[in-house]
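Report on the structure
One letter stands for each residue in the lines below.
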Amino acid sequence: MGSRGWLNLLLGLGVLGLALLAWQRPGLEPPAAEHLTRLDAGQVRQILIEHDEVRLRFEKQAQGWVLLGPPDIPADPLQIGSLLGLLSVVPERSYPANAVQLDQAGLDPPKSRLHFDGLEIAFGATEPLGRLRYVRIGERVALVEDRYGPMVSGRRAQFASRRLLPEGSRIRRLQLPDRSLRRGEDSHWQVEPEPTGLSADAVARLIDRWQQARAIWVSASKEAADGKAIEIELEGMAEPLRFQLVTQDGRQLLLRPELGLAYHLGPAVLQSLLQLQAEGAQSSGDSSTGTSSDVSN
């Protein structure tokens with residue numbers, strides 16, 4: 001190899017070395033993926049969903065997120081968390097808005113709009129190949145996972161909390177269709193009519209089940225004329241909560257008529273909320289314990 005050939009080889013190796021050095025970028029982290037927005041989910045105080053004739057307003061209050069009414073109802077934390085997760089999602093692709101045919105992307109006009117405080121995210125159609133959703137923020141259009149599109153097309157009942165009672169509530173009186181339970185000033189529970197074979201912790205178990213109960217899902221519903229009344233007084237609340245136990249399509253469920261909601265629970269869970277059983281005696285194998293109708297909790 002002549003001197004010119006050696007020179008060309010050395011130059012080529014030098015260029016390759018520089019290219020490898022630039023690619024590896026020693027001591028530097030690769031650039032972070034760009035999130036859909038720079039908004040901090042923890043700072044958001046209001047959310048608005050708009051689609052068709054539906055407008056759902058959410059507000060973060062001291063007790064948590066509330067779906068504003070009338071009437072106001074507690075919002076489901078999981079649904080709200082999913083909505084807020086959109087803020088930090090990493091888009092699959094992103095384009096300037098003027099580089100996209102907005103009408104074909106379903107963004108002119110958009111199918112639905114989601115507002116976080118003053119930020120608007122418009123939702124369009126799905127991209128046919130990757131099944132990604134077109135969204136627009138200002139002058140940018142991005143493609144994101146399609147799990148957010150169905151959420152922002154939901155209605156009021158979808159976002160209602162699945163808890164039957166407010167978080168942290170404490171029952172003072174529970175009126176079931178066939179029995180009344182009331183907590184006295186000495187923290188003893190008075191049960192009427194007087195049960196037989198009642199274990200000492202049976203009332204506490206029943207009350208705890210109500211205070212922790214969650215529905216599988218919530219749907220919209222109206223008051224039923226043939227419903228059995230259930231009334232619950234909570235400490236710190238002036239008005240009791242009123243439920244109706246009804247049977248629809250062969251299944252029992254609980255209605256909250258003033259909220260226009262129906263709570264769907266599994267059959268076993270629902271029955272456990274309606275029956276006062278001597279569970280402590282059954283579990284211990286001693287049926288002789290706790291037969292009084294005046295039990296403490």
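In short, a report on the structure. (Residues numbered from 1 in each chain as written. Predicted model: local features only at pLDDT ≥ 70, side-chain atom pairs only at ≥ 80, totals over all residues. Heavy atoms only, no water.)

Quick look at the overall build of the chain
Heads up, the rule is: For helices the rule is a DSSP run of H or I covering at least 4 residues; for strands it is a run of E covering at least 2, with both sets numbered from the N terminus onward. Buried, partly exposed and exposed residues are distinguished by accessible area as a fraction of the type maximum, computed with a 1.4 Å probe on protein chains only: under 20%, between the cut-offs, and over 50%, respectively. Method for areas: the Shrake-Rupley scheme with a 1.4 Å probe, in which residue coverage is limited to the protein chains shown.
For the chain, the helix and strand inventory stands at five helices and 18 strands. Within the chain, the proportion of its 297 residues that are buried is 41%. Summed over all atoms, the accessible surface of the chain reaches about 17200 Å², with 52% contributed by carbon and sulfur.

Observations regarding the sheet that holds strand β9 (residues 140-145)
The strands making up a sheet are joined through hydrogen bonds of the backbone, oriented either antiparallel or parallel. Rules: What makes two strands pair is DSSP finding at least two bridges between them. In this description, contact between two residues means that some pair of their heavy atoms is separated by no more than 4.5 Å. Angles here are taken between N-to-C directions and fall from 0 to 180 degrees, while the axes themselves are lines fitted to C-alpha atoms, restricted in helices to the stretch in contact.
Spatially, β4-β3-β2-β1-β6-β7-β8-β9-β5 is the arrangement adopted by the nine strands of the open sheet, whose pairing is antiparallel. Of all strands in the sheet, those with a lone pairing partner are β4 (73-74) and β5 (93-96), marking the two edges. Summarising the sheet, strand β1 (residues 46-51) and strand β6 (residues 112-116) pair through four bridges and their orientation is antiparallel. Bridge pairing in β6 places Glu50 opposite Arg113. Against the sheet, helix α2 (residues 77-85) contacts β1, β2 (54-61), β3 (64-67) and β6, and its axis sits at roughly 85° relative to β1.

Here's the deal with α2
Threshold: The arc under discussion is defined with respect to the helix axis, by the directions toward the C-beta atoms.
Buried within α2 are the following residues: Gln79, Ile80, Leu83 and Leu84. One side of α2 holds all its buried residues, which, seen down the axis, span an arc of 135°. Exposed residues on α2 whose side chains face more than 90 degrees from its buried face are Pro77 and Leu78.

Things to note about the packing of aromatic side chains
Stated precisely, the cut-off is as follows: The pairing test for Phe, Tyr and Trp rings, Trp by its six-membered ring, is centres within 6.5 Å, and the orientation test on the planes gives stacked under 30 degrees, edge-to-face over 60, and tilted for anything in between.
Throughout the structure, instances matching the rule amount to three aromatic pairs. Arranged with centres 5.4 Å apart and planes meeting at 70°, the rings of Phe58 and Phe159 form a pair that is edge-to-face. With Phe58 in strand β2 and Phe159 in the loop between β9 and β10 (171-175), the pair connects residues that are 101 residues apart, well separated along the chain. The class for Phe159 is buried, based on a relative accessible area of 0%. Taken together, the aromatic side chains of Trp210, Phe243 and Tyr263 make up a single cluster linked through ring pairs.

A word on unusual backbone geometry
Phi is mostly negative for residues that are not glycine, and the peptide bonds are mostly trans. A cis amide bond links Pro70 with the next residue in sequence, Pro71, at an omega value of -10°. Mapped onto the elements, Pro71 comes out in the loop between β3 and β4. Put simply, Asp108 and Pro109 share a cis peptide bond, and its omega is 0°. Turning to its location among the elements, Pro109 is positioned in the loop between β5 and β6. One non-glycine residue with positive phi stands out, namely Asp52, at about 50°. For Asp52, the location among the structural elements is in the loop between β1 and β2. In this model, Asp117 sits at a positive phi of 50°, which is unusual for a non-glycine residue. By the element assignment, Asp117 lies in the loop between β6 and β7 (119-127). With relative accessibility at 38%, the residue Asp117 sits in the partly exposed group.

Focus on the side chain of His51
Using the following cut-off: Distance and chemistry together define a polar contact, namely a pair of N or O atoms within 3.5 Å, with one atom able to donate a hydrogen and the other to accept it when in protein, and with adjacent residues in sequence counting only for side-chain atoms on both sides.
Here His51 lies in strand β1. Among the polar contacts listed, one links the side chain of His51 to the backbone oxygen of Gly154, at a separation of 2.7 Å. Ignoring sequence-local partners within four residues, the contact set of His51 consists of Lys111, Ser112, Val152, Ser153 and Gly154.

Comments concerning the side chain of Asp76
Structurally, Asp76 can be placed in the loop between β4 and α2. The class for Asp76 is buried, based on a relative accessible area of 3%. Of note is the side chain of Asp76, whose polar atom sits 3.3 Å from the side chain of Arg162. Non-local contacts of Asp76, meaning those with residues more than four positions away in its chain, are made with Phe159, Ala160, Ser161, Arg162 and Arg214.

Some points on the pattern of salt bridges
We apply this condition: By definition, a salt bridge exists where a carboxyl oxygen of Asp or Glu is found within 4 Å of a side-chain nitrogen of Lys or Arg.
Evaluated as defined, the whole model comprises 16 salt bridges. Between Arg147 and Glu145 there is a salt bridge, with its nearest N and O atoms 3.4 Å apart. Residue class for Arg147 comes out partly exposed when judged on its relative accessible area of 48%. Judged by relative accessible area, which is 40%, Glu145 ranks as partly exposed. With its nearest N and O atoms 3.5 Å apart, the salt bridge here joins Arg172 to Glu233. In this pair, Arg172 sits in strand β10 while Glu233 sits in strand β14 (residues 228-234), placing the two residues 61 residues apart along the sequence. It is possible to trace a salt-bridge network through shared partners that takes in Arg172, Arg173, Glu231, Glu233, Glu239 and Arg242.

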